[in-house]
Amino acid sequence: VSRRLWQSDSQYAQAVQVGITWNCTNCDLDLYAVAMPGASPVYFGRTDTREAQYWKDYRTSPDLSQGQETIAFKVPLDLRAVKLAVNFFGGHVPAGAKGEIRIGIGDQTYALPFHISAQRGNGGKDVDAVLRSGKSSQATLLIDPLAIVPVKAARL
């Protein structure tokens, strides 16, 4: 990660984007992000906050169009404080939903596969509880950004 992406003498990443993609055609997954404690979640139902902008809600696999649901952050981020969640919103997949989450910081991109064990979407019913508790559910997976971005790259 180049030096220009970091505020001097700090732990804040700039120009951060998070995206998800998946390949099950009969399911709808949704990305949620909270930039910092006290910030409102950004997702398909709240697409623009002071901290972030949500781009394109895919209701079927974005893999087919080589796209991804994306959240672009407008403010520098302490990756330790960011909350990311993926919800299995709709559809049915007997083996659960699988996809990939990506974090871009400037010109560097990091990725991690994920698996949501629920066989059916839950319409996002438990997302608020997952974000508040910090614990994943069967249909909503909480993902630590530092599990995706190497600690050395995150300078944390």
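Just so it is clear, the structure is predicted and the values come from calculations on it, not from any experiment.

Thresholds, definitions, all that
- Residues numbered from 1 in each chain as written.
- Predicted model: local features only at pLDDT ≥ 70, side-chain atom pairs only at ≥ 80, totals over all residues.
- Heavy atoms only, no water.
- Pairing = 2+ DSSP bridges.
- Helix = DSSP H or I, 4+ residues; strand = E, 2+ residues; numbered from the N terminus.
- Axes fitted to C-alpha atoms, helices over the stretch in contact; angles between N-to-C directions.
- Salt bridge = Lys/Arg side-chain N within 4 Å of Asp/Glu carboxyl O.
- Buried < 20%, exposed > 50% of the residue type's maximum accessible area, 1.4 Å probe, protein only.
- Core = buried A, V, L, I, M, F, W, Y, C linked by side-chain atoms within 4.5 Å.
- Phe/Tyr/Trp six-rings, centres within 6.5 Å; stacked < 30°, edge-to-face > 60°.

Draft legend 1. Examining the sheet that holds strand β5 (residues 83–91) more closely. A sheet is described by the order of its strands in space; here three strands give the open sequence β2-β5-β8, paired in antiparallel fashion. Across the chains shown, the open sheet's two edge strands, defined by having one partner strand only, are β2 (27–34) and β8 (140–143). Adjacent strand axes in the sheet meet at a mean angle of 20° when their direction is disregarded. Sheet analysis places β5 next to β8, joined by four bridges and oriented antiparallel. Across the sheet, the residue bridging to N87 is T140, located in β8.

Draft legend 2. Up close: the pattern of salt bridges. In total, this model carries four salt bridges according to the counting rule given. E51 is the salt-bridge partner of R50, the closest N and O atoms lying 3.4 Å from each other. You can call E51 buried: its relative accessible area is 8%. The partner of D78 in a salt bridge is R80, and the shortest N-O contact between them spans 2.8 Å.

Draft legend 3. Geometry of the nonpolar core. L29, F73, I101 and F114 are the most contacted members of the largest nonpolar core, which has 37 residues in total. Only β1 (16–22), β2, β3 (52–55), β4 (69–73), β5, β6 (97–105), β7 (108–116) and β8 provide two or more residues apiece to this core. Grouped together as the second largest cluster of nonpolar side chains are six residues, A39, A85, V127 and L131 included.

Draft legend 4. The arrangement of unusual backbone geometry in detail. Of note, A15 is a non-glycine position whose phi angle comes to about 60°, a positive value. Of note, A15 is situated in the segment before β1. A relative accessible area of 48% means that A15 is categorised as partly exposed.

Draft legend 5. View of the packing of aromatic side chains. Under the definition given, this model contains four aromatic pairs. Between Y32 and Y43, the ring centres sit 4.8 Å apart and the planes meet at 20°, which makes this aromatic pair stacked. With Y32 in strand β2 and Y43 in the loop between β2 and β3, the pair connects residues that are 11 residues apart, well separated along the chain. When the ring of Y43 is compared with that of F44, the centres are 5.4 Å apart and the planes differ by 90°; the resulting orientation is edge-to-face. Residue F44 is classed as partly exposed on the basis of its relative accessible area of 29%. In textbook terms, an aromatic cluster arises when at least three aromatic residues are bridged by ring pairs, as seen for Y32, Y43, F44 and F89.

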